[in-house]
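Here is how the chains run, residue by residue.
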Amino acid sequence: MAEKSVSHRDKRAFPRLYGSVQLRSRKQETSASETAIHTWLEGGLEEAGPTWRKPDPFMNFSVTGLKFEDQETCADGDVLLLEFSVPTSPKTFRCRSRVARVAILEGAAEDTYSGGGVESGTPPTHSIAVEFLDMPHDGREALSEFTLLIQGVLL
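Everything in this summary refers to the structure shown in the same document. Residue positions are given per chain, counted from 1 along the sequence in the order it is written. At least 70 in pLDDT is required for a residue's local features to be given in this predicted model, at least 80 for side-chain atom pairs to be given and counted, and no such filter applies to totals for whole chains, interfaces and linings, which use all residues. Side-chain metrics in this entry use all non-hydrogen atoms of the structure; hydrogen atoms and water are not considered.

### Section: the overall build of the protein
Then step 1. Looking only at helices and strands, one finds two helices and seven strands in the protein.
Then step 2. Secondary structure elements of the protein occur, N-terminal to C-terminal, as β-β-α-β-β-β-β-β-α.
Then step 3. Between buried and exposed lies partly exposed: a residue is buried under 20% and exposed over 50% of the maximum accessible area for its type, with that area taken using a 1.4 Å probe on protein chains only. In the protein, which comprises 155 residues, the share counted as buried stands at 37%.
Then step 4. We call two residues in contact whenever any of their non-hydrogen atoms come within 4.5 Å of each other. In the protein, of all internal contacts separated by at least 6 residues, the share reaching a separation of at least 24 is 75%.
Then step 5. Surface exposure here means Shrake-Rupley accessible area, sampled with a 1.4 Å probe, where a residue is shielded only by the protein chains that are shown. Looking at the protein as shown, the accessible area adds up to about 9500 Å², and 52% of this sits on carbon and sulfur atoms. Per the convention used, a helix needs a DSSP run of H or I reaching at least four residues, while a strand needs a run of E reaching at least two, with both numbered from the N terminus.

### Observations regarding the sheet that holds strand β6 (residues 93–104)
Then step 1. For two strands to be treated as a pair, DSSP must find no fewer than two bridges joining them. Overall, antiparallel pairing links the seven strands, which are arranged β1-β3-β4-β7-β6-β5-β2 in an open sheet. Both outer strands of the open sheet, β1 (17–20) and β2 (22–27), are each paired with one neighbouring strand and no more. Across the sheet, the mean angle separating the axes of adjacent strands is 35° when strand polarity is ignored.
Then step 2. Pairing geometry for β6 and strand β7 (residues 126–133), over eight bridges, is antiparallel. Pairing of V99 across the sheet is with V130, part of β7.
Then step 3. Every axis in this analysis is a line fitted to C-alpha atoms, fitted for helices over the stretch in contact. Angles between the N-to-C directions lie between 0 and 180 degrees. Seen against the sheet, helix α1 (residues 34–41) touches β5 (79–85) and β6 and runs at an angle of roughly 105° to β6.

### Focus on the pairing of strand β4 (residues 65–70)
Then step 1. In this sheet, β4 lies alongside strand β3 (residues 58–61) in antiparallel orientation, the contact comprising two bridges. Bridging from a neighbouring strand, F61 pairs with L66 of β4.
Then step 2. As consecutive antiparallel partners, β3 and β4 are separated by three residues.
Then step 3. Two strands pair when backbone bridges link them, and β4 and β7 are joined in this way by six bridges, in the antiparallel orientation. Within β7, the residue paired with G65 across the bridge is E131.

### Brief notes about the pattern of salt bridges
Then step 1. The term salt bridge refers to a pairing of a side-chain nitrogen on Lys or Arg with a carboxyl oxygen on Asp or Glu at a separation within 4 Å. In the structure shown here, the tally under the stated rule is seven salt bridges.
Then step 2. Close ionic contact of E34 with R96 constitutes a salt bridge, the shortest N to O distance being 3.3 Å. In this pair, E34 sits in helix α1 while R96 sits in strand β6, placing the two residues 62 residues apart along the sequence.
Then step 3. Since its relative accessible area comes to 15%, R96 is described here as buried.
Then step 4. For D138, the salt bridge goes to K91, with nearest N and O atoms at 2.3 Å. Pair noted here: D138 is in helix α2 (residues 137–154) and K91 is in the loop between β5 and β6, with a separation of 47 residues, a long-range link.
Then step 5. For D138, a relative accessible area of 31% translates into the label partly exposed.
Then step 6. Residue class for K91 comes out partly exposed when judged on its relative accessible area of 41%.

Here you go:
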């Protein structure tokens, strides 16, 4: 009697791929007003606050979210402000995201946090997965075009 293997259909609306996403992120402060956040999302001036994190740009991405490696600076459910760009667009996009999952990287020491991100030379300790909130339409289009470019190269 032959055994059959069952493969389950991926339930994602968009494929996840690896590529270069230039990213800056920081945790949204609980004291930040919706007006200040909206102004920032629309390209307004930076306000004083925590420093921006800049993880390594090679990351897992889709039209609906990102997964990158960094220090543990956030927790499940936190809201992050994101500013990113992809190679298929000259524009930089801003949005908020919700942290879906924070997991320790295999072999990473949990006590290595220095607060500097990839630029500090401190290796990442965690994998951070986020889902986009209030993503502008042109940001989704840029991620979609980047997805199609990579898929075309892989075929």
